[in-house]
Amino acid sequence: RSAGLSEDGRRVVYQEWPENAVAGSTVRLKVVPAAGGPPLLDVPGGFASQYRFHPDGVSLSFNRLRRGVSNIWTMPLGGGEPVQVTRFERGTILGYDWLPDGRLALCRAHYRNDVVLLTDFRR
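Residues numbered from 1 in each chain as written. Predicted model: local features only at pLDDT ≥ 70, side-chain atom pairs only at ≥ 80, totals over all residues. Heavy atoms only, no water.

1. With respect to the overall build of the protein chain
When helices and strands are tallied, the protein chain shows zero helices and 10 strands. Out of the 123 residues in the protein chain, the part that is buried amounts to 32%. Relative to all contacts within the protein chain whose residues are 6 or more apart in sequence, the contacts with residues 24 or more apart total 26%. A total accessible area of about 8,400 Å² is found for the protein chain, and carbon and sulfur atoms account for 51% of it. (Helix = DSSP H or I, 4+ residues; strand = E, 2+ residues; numbered from the N terminus. Buried < 20%, exposed > 50% of the residue type's maximum accessible area, 1.4 Å probe, protein only. Contact = heavy atoms within 4.5 Å. Areas by Shrake-Rupley, 256 points an atom, 1.4 Å probe, with all protein chains shown as cover.)

Here is the structure:
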């Protein structure tokens, strides 16, 4: 998802990549008026994806990955610090959305890898 439109059609959210971006570059989220103008909100660094306007109409939510664990965060459109909504200690959020009544619906995954080292293997 490269851009999103608020329910009322007045705001747009998008990812901004730094000029000459390379792997590991910090992606920022920006919220701007749909009619044009300066950003209304600039979400600080850190990988954030799956951004949505919250049904309350006054905040933005996003999936933030930290130390291999993803959680949903919200941030007031008027500015302020992001607030962590979910408190998962492991796993990845594959997708989420807000229900009209403000409840959160999401899909999570836990990846497991097994490694076996075979030495001196002969048939």
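2. A short note on the side chain of Ser59
Relative to the helices and strands, Ser59 is located in strand E6 (residues 59–66). A distance of 3.1 Å separates a polar atom in the side chain of Ser59 from a polar atom in the side chain of Asp56. Every residue in contact with Ser59, bar those within four places of it in the chain, is listed here: Phe53, His54, Met75, Pro76 and Leu77. (Polar contact = N/O pair within 3.5 Å; in protein donor to acceptor, adjacent residues only side chain to side chain.)

3. Description of the layout of surface pockets
Of the voids in this model, the largest pocket is the one considered here, and its volume is about 190 Å³. Lining the largest pocket are 12 residues, with Glu7, Arg52, Phe53, Asp97 and Trp98 positioned closest to its centre. Elements supplying a minimum of two residues to the lining of the largest pocket: strand E5 (48–53) and strand E9 (92–98). Looking at the lining of the largest pocket, its residues break down into six nonpolar, two polar and four charged. (1 Å grid on protein atoms, 1.4 Å probe; cavity = no way out; pocket = protein on both sides within 12 Å on 5 of 7 lines; lining within 4 Å. Points joined across faces, edges and corners; volume = space filled by probe spheres on them. Nonpolar A, V, L, I, M, F, W, Y, C, P; charged D, E, K, R; others polar.)

4. What about the environment of Pro55?
By the element assignment, Pro55 lies in the loop between E5 and E6. Once the C-alpha coordinates of Pro55 and Arg103 are considered, the two residues, 48 residues apart in sequence, prove to be 9.2 Å apart.

5. Some thoughts on the pairing of strand E7 (residues 69–76)
By the criterion of burial, E7 is predominantly enclosed, with seven of the eight residues buried. In this sheet, E7 lies alongside E6 in antiparallel orientation, the contact comprising eight bridges. The residue bridging Arg66 from the neighbouring strand is Val69, located in E7. Pairing analysis gives two bridges linking E7 to strand E8 (residues 83–84), with the strands arranged antiparallel. The partner of Thr74 across the bridge, within E8, is Val83. Where E7 hands over to E8, the hairpin turn is made up of six residues, of which Gly79 adopts a positive phi near 100°. (Pairing = 2+ DSSP bridges.)

6. A few points about the environment of Phe62
With respect to the element layout, Phe62 can be found in strand E6. As for Phe62 and Tyr96, which are separated by 34 residues in sequence, their C-alpha atoms are 9.3 Å apart.

7. Quick notes on the sheet that holds strand E1 (residues 3–5)
A sheet is described by the order of its strands in space; here four strands give the open sequence E1-E2-E3-E4, paired in antiparallel fashion. Both outer strands of the open sheet, E1 and strand E4 (41–43), are each paired with one neighbouring strand and no more. Each strand of the sheet is rotated relative to its neighbour by a mean of 15°, with strand direction disregarded. As paired elements, strand E3 (residues 28–33) and E4 share three bridges and run antiparallel to each other. Each residue of the ladder has a partner; that of Val31, found in E4, is Leu41. (Axes fitted to C-alpha atoms, helices over the stretch in contact; angles between N-to-C directions.)

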